[in-house]
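Breakdown of the fold
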Amino acid sequence: MKISINKNIESLTPYQPGRPIEDLARELGIPNNTIAKLASNECPLGPSYKALDAMKKACSEMNYYPDGGAFFLRNKLSKHFGIDKEQFIFGNGSNEILELIGHCFVNEETSVIASEHAFIVYKLITKMFGGNLIEVPVSKGLEHNLDAMVEAITDDTRVIFICNPNNPTGTLLSQEKLDKFIAQVADNILIVFDEAYAEIVLDEMPDTFEYLKTKNNVIVLRTFSKAYGLAGLRIGYGIANQEIISILNKPRQPFNVNRIAQIAACAAIEDEKFVGEFKDLCNSSRNLFVDFCIKHNLEYIKPAANFILIKVLNGLDIFNKLQEKGIIVRPMQPYNLPEWIRISYGTLEENKKCLDALAELI
């Protein structure tokens, strides 16, 4: 192409999400409902019950633009968390807020720190805006090595990403470790706590909201995609002090969060019953997968959320063979973990189908 391309974009490799059910169904020539998609950490229960009701009632309103300031959702979350309403920003998924952070704080004169096997979008965002990504090797058990991340800080470091629980490893950092870490990071570095799975954590989730009271360089990201089953609507949010929120709003596009997503999220935040049922399913699923790994002498990482990382020697081979059986998981080559696969928890029936197939293959 004769048109000159931005040099930061030219070398980017697009993010590859979990394979869609419809795609594999066409390839195999089988119905969609015979395929178990356990690849994208989605909620197998469907959308939040309250969100589903709200969406059905709101369909006739879709001729109107959404509220660009998300007034009702902002107030709902403010009341739910006891945090000032001006401390929220909303995005087309929390991924959009990651991109806004890139727009505002990353350039060719800055560096960004992330863990070696953390969410790959951090790498894409840094590269997109020309920053220098410092990937810090993990500690034992594929957990973030926070001490090493502190040591990796340079004079030009502007952002540190902490994914907790971490995707794709499933590891969870403790309150004690985070307290020690945050006390060592200078105030001129933005610390991003990416907490997509916070509501369904099966162990003790650290309270990063406390840092918002005393630190001006912290943003906490959350989403409605996981615990509330609204992945298809793409709605997430960030919480920080008003100055950071004001800066992030500068490059944010108008109407970036659609109307029906805002309505669904307002209803979902009150659906404790749904979240409780999903968390119970995650807990029983974790026990099922862990017992399987122990029985078959497979190495695994203790999972804190709705997925598990399992070592199968050749992740891509197992991924392909499971697809032939109508099961979609996630190979981990993009995360430099070629011997591993990540499996999202599905329904109990889907979990059993996956484990039966995996038992045959190993």
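What comes next is a walk through the structure. Treat the numbers as computed from the prediction; the structure is a model and nothing was measured.

**What about the packing of helix 5 (residues 94-105) against helix 6 (residues 121-128)?**
A pair of packed helices is captured by two measures, namely the crossing angle of their axes and the spacing between those axes. Viewed as axis vectors pointing N to C, helix 5 and helix 6 meet at an angle of 35°, and their least axial separation amounts to 9 Å. For the pair helix 5 and helix 6, the sense of crossing is right-handed. Contact residues: Asn 95, Leu 98, Glu 99 and Gly 102 in helix 5; Val 121, Tyr 122, Ile 125 and Met 128 in helix 6. Looking at the contact of helix 5 with helix 6, its residues break down into five nonpolar, two polar and one charged.

**Considering the state of the cysteines**
According to the stated counting rule, one finds zero disulfides in the structure shown. A disulfide-free cysteine, Cys 163 has its sulfur positioned 16 Å from the sulfur of Cys 282, the nearest such atom. A residue is classified by how much of its surface remains accessible, and Cys 163, at 4% relative accessible area, is buried. Cys 293 supplies the cysteine sulfur nearest to Cys 354, a cysteine that is in no disulfide, at a spacing of 10 Å. By relative accessible area, Cys 354 is classed as buried at 0%.

**What to know about a nonpolar patch on the surface**
Together, Met 1, Ile 3, Ile 5 and Ile 9 make up an exposed nonpolar region whose accessible area comes to about 450 Å². Along the chain, the position of Ile 9 falls in helix 1 (residues 7-10).

**Notes on the sheet that holds strand 7 (residues 218-223)**
The seven strands are arranged 2-8-7-6-5-3-4 in an open sheet whose pairing can be described as mixed. In this open sheet, the two edge strands, each paired with only one partner strand, are strand 2 (88-91) and strand 4 (132-136). In this sheet, adjacent strand axes meet at a mean angle of 20° when their direction is disregarded. By the bridge criterion, four bridges tie strand 6 (residues 190-194) to strand 7 in an arrangement that is parallel. Among the inter-strand pairings, Ile 191 is bridged to a residue of strand 7, identified as Val 218. Sheet strands touched by helix 5: strand 2, strand 5 (157-163), strand 6, strand 7 and strand 8 (236-239). Its angle to strand 7, the strand with the most contacts, is close to 155°.

**Some thoughts on the pairing of strand 10 (residues 307-311)**
Counted residue by residue, strand 10 has four buried out of five residues, so it is predominantly covered. As judged from the two bridges shared by strand 9 (residues 300-301) and strand 10, these two strands associate in the antiparallel manner. Note that in strand 10 the partner of Tyr 300 across the bridge is Ile 310. Hairpin connection between strand 9 and strand 10: a loop of five residues separates the two successive antiparallel strands. In this structure, strand 10 lies alongside strand 13 (residues 340-344), joined through five bridges in antiparallel fashion. Bridge pairing links Lys 311 to Trp 340 in strand 13.

**Focus on the pattern of salt bridges**
Overall, the coordinates contain 21 salt bridges when judged by the stated rule. Asp 23 is the salt-bridge partner of Arg 19, the closest N and O atoms lying 2.9 Å from each other. The buried category is assigned to Arg 19, whose relative accessible area is 18%. One salt bridge in this structure joins Glu 270 and Lys 76, with 2.3 Å as the shortest N-O distance.

**As for the side chain of Arg 74**
Here Arg 74 is to be found in helix 4 (residues 71-81). Of the buried charged residues, Arg 74 lacks a salt bridge, with Glu 86 as the closest side chain of opposite charge at 5.1 Å. In terms of polar contacts, Arg 74 uses its side chain to reach the backbone carbonyl oxygen of Gly 69, at 3.0 Å. At 3.0 Å, the side chain of Arg 74 and the backbone oxygen of Lys 85 are in polar contact.

**Quick word on the packing of aromatic side chains**
Within the structure shown, the criterion is met by 16 aromatic pairs. Taken together through their ring pairs, the aromatic side chains of Phe 81, Phe 88, Phe 90, Phe 209, Phe 224, Tyr 228 and Tyr 237 make up a single cluster. A cation sits over an aromatic face here: Arg 342 above Phe 307, 5.7 Å from the ring centre.

**Details of helix 13 (residues 315-324)**
Within the sequence span of helix 13, burial applies to Gly 315, Ile 318, Phe 319, Leu 322 and Gln 323. End-on view of helix 13: buried residues confined to an arc of 140°, all on one side of the axis. Those residues of helix 13 hidden inside the fold are in contact with helix 2 (21-28), strand 11 (327-328), strand 12 (330-331), strand 13 and helix 14 (348-361). One or two positions beyond helix 13, positive phi appears at Gly 326, with a value near 80°.

**Quick word on empty space enclosed by the protein**
Throughout the structure, instances matching the rule amount to two cavities of 30 Å³ or more. What lines the largest cavity is a set of 14 residues, and nearest its centre among them are Glu 116, Ala 118, Ile 120, Lys 123 and Glu 135. Elements with a contribution of two residues or more to the lining of the largest cavity: strand 3 (111-115), helix 6 and strand 4. Of the residues contributing to the lining of the largest cavity, the split by class is eight nonpolar, three polar and three charged. Quantified by volume, the second largest cavity comes out at close to 60 Å³. Taken together, 13 residues form the lining of the second largest cavity, with Gly 68, Gly 69, Arg 74, Phe 90 and Arg 252 sitting closest to its centre. Here the lining of the second largest cavity gets three residues from one element, more than from any other, and that element is strand 2. For the lining of the second largest cavity, the residue count by class is five nonpolar, five polar and three charged.

What counts and what doesn't
- Residues numbered from 1 in each chain as written.
- Predicted model: local features only at pLDDT ≥ 70, side-chain atom pairs only at ≥ 80, totals over all residues.
- Heavy atoms only, no water.
- Axes fitted to C-alpha atoms, helices over the stretch in contact; angles between N-to-C directions.
- Helix = DSSP H or I, 4+ residues; strand = E, 2+ residues; numbered from the N terminus.
- Left-handed = near helix turned anticlockwise from the far one by under 90°.
- Contact = heavy atoms within 4.5 Å.
- Nonpolar A, V, L, I, M, F, W, Y, C, P; charged D, E, K, R; others polar.
- Disulfide = S-S within 2.5 Å.
- Buried < 20%, exposed > 50% of the residue type's maximum accessible area, 1.4 Å probe, protein only.
- Patch = residues over 30% accessible without salt bridge, like charges linked within 9 Å, V, L, I, M, F, W, Y side chains within 5 Å.
- Areas by Shrake-Rupley, 256 points an atom, 1.4 Å probe, with all protein chains shown as cover.
- Salt bridge = Lys/Arg side-chain N within 4 Å of Asp/Glu carboxyl O.
- Pairing = 2+ DSSP bridges.
- Lys, Arg positive; Asp, Glu negative; His and termini not counted.
- Polar contact = N/O pair within 3.5 Å; in protein donor to acceptor, adjacent residues only side chain to side chain.
- Phe/Tyr/Trp six-rings, centres within 6.5 Å; stacked < 30°, edge-to-face > 60°.
- Lys NZ or Arg CZ within 6 Å of the ring centre and 35° of its normal.
- Arc of directions from axis to C-beta.
- 1 Å grid on protein atoms, 1.4 Å probe; cavity = no way out; pocket = protein on both sides within 12 Å on 5 of 7 lines; lining within 4 Å.
- Points joined across faces, edges and corners; volume = space filled by probe spheres on them.

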